[in-house]
Amino acid sequence: MVRGEVLSAYRALLKATRKAFAGDTMMLNASAVEVRQKFDSNRHVTSEHEIQRLLEEAREASHFVSTMIVQAKLNERGGYEVKPSKDHAGATLEIPSEEIIRKSASQSKQ
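Each chain has its residues counted from 1, running along the sequence as written. Totals for whole chains, interfaces and linings use every residue, but because this is a predicted model, local features are given only for residues with pLDDT of at least 70 and side-chain atom pairs only at 80 or more, for both listing and counting. For side-chain calculations, the full set of non-hydrogen atoms in the structure is used, while hydrogens and water are omitted.

Under an unreviewed UniProt entry, the protein chain has the name Complex 1 LYR protein domain-containing protein and belongs to Hibiscus sabdariffa.

### Overview of the nonpolar core
Buried residues of nine kinds, namely Ala, Val, Leu, Ile, Met, Phe, Trp, Tyr and Cys, make up a nonpolar core once their side-chain atoms join them within 4.5 Å. Exposure classes here rest on a 1.4 Å probe applied to the protein chains alone. A residue is buried below 20% of its type maximum, exposed above 50%, and partly exposed in between. If you look at the biggest cluster of nonpolar residues, it comprises 9 residues: Ala 9, Tyr 10, Leu 13, Leu 14, Val 35, Phe 39, Ile 51, Leu 55 and Ala 58. By definition, any uninterrupted DSSP run of H or I lasting at least four residues is a helix, any uninterrupted run of E lasting at least two residues is a strand, and each is numbered from the N terminus. With 4 residues, helix H1 (residues 2-20) is the largest single contributor of residues to this core.

### Topic: the packing of H1 against helix H3 (residues 48-68)
Helix axes are fitted only over the stretch in contact, all axes being lines through C-alpha atoms; the angle between N-to-C directions runs from 0 to 180 degrees. Contact geometry for H1 and H3: axes closest at 8 Å, N-to-C directions at 20°. Our classification of the angle between H1 and H3 gives roughly parallel. Note on packing geometry: the crossing formed by H1 with H3 is left-handed. Packed against H1, whose contacting residues are Val 2, Glu 5, Val 6, Ala 9, Ala 12, Leu 13, Ala 16, Thr 17 and Ala 20, the element H3 presents Glu 48, Ile 51, Gln 52, Leu 55, Ala 58, Ala 61, Ser 62, Val 65 and Ser 66 at the interface. The classification used treats Ala, Val, Leu, Ile, Met, Phe, Trp, Tyr, Cys and Pro as nonpolar, Asp, Glu, Lys and Arg as charged, and all other residues, Gly among them, as polar. Looking at the contact of H1 with H3, its residues break down into 12 nonpolar, 4 polar and 2 charged. Orientation categories follow fixed angle ranges, with anything under 35 degrees roughly parallel, anything over 145 roughly antiparallel, 65 to 115 roughly perpendicular, and all other angles oblique. Crossing handedness: left-handed means the near helix sits turned counterclockwise from the far one by under a right angle, and right-handed means the same turn made clockwise. Contacts are residue-level and defined by heavy atoms, with any inter-residue pair within 4.5 Å sufficient.

### Details of the packing of aromatic side chains
Any pair of Phe, Tyr and Trp rings, taking the six-membered ring for Trp, is counted once the centres come within 6.5 Å. Such a pair is stacked with planes under 30 degrees apart, edge-to-face with planes over 60 apart, and tilted for the rest. Scanning all chains against the criterion turns up 1 aromatic pair. Seen from their ring centres, Tyr 10 and Phe 39 are 5.1 Å apart, and the 75° between their planes marks the pair as edge-to-face. Here Tyr 10 is found in helix H1, whereas its partner Phe 39 is found in helix H2 (residues 25-41), with 29 residues between them in sequence. As far as burial versus exposure is concerned, Tyr 10 and Phe 39 are alike and both buried.

### A few points about the side chain of Ser 31
Within the element layout of this structure, Ser 31 appears in helix H2. Within the structure, the side chain of Ser 31 is placed 3.0 Å from the backbone oxygen of Leu 28, a separation counted as a polar contact. Within 3.5 Å is the distance limit for a polar contact, defined as a pair of N or O atoms, with the added protein rule that one can donate a hydrogen and the other accept it, and that residues adjacent in sequence qualify only through two side-chain atoms.

### Details of the packing of H1 against H2
It is the contact of H1 with H2, at a shortest axis distance of 9 Å, that shows an interaxial angle of 160°. Classified by the angle their axes make, H1 and H2 are roughly antiparallel. Judged by the sense of rotation from one axis to the other, the crossing of H1 with H2 is right-handed. Residue-level contacts link Val 6, Ala 9, Tyr 10, Leu 13, Leu 14, Thr 17 and Arg 18 of H1 to Leu 28, Ser 31, Ala 32, Val 35, Arg 36 and Phe 39 of H2. Grouping the amino acids of the contact of H1 with H2 by side-chain chemistry returns 9 nonpolar, 2 polar and 2 charged.

Okay, here's the thing in structure tokens:
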């Protein structure tokens, strides 16, 4: 049962990064490596409580990537434009709060 939950969380996170970074090979590869490393580093965790905490982190990360990351694209005028989809934080660009930035930074250091 837990193995299935872990695989599901892993796949959901990879799917979110593939969608967020579509067309950006460097970011696609880097994000896939980062996700794999994070899951591999916790492969030997056996505590049910810790596993559930890590699964929740993975779900939050997947949601964050899906709703908060928008890939800028180079336009014909030489500038970059951002087009959030309907999935992105109400389809408006919002500046993340200090709490979200701190939480994201602390998770990426782990």
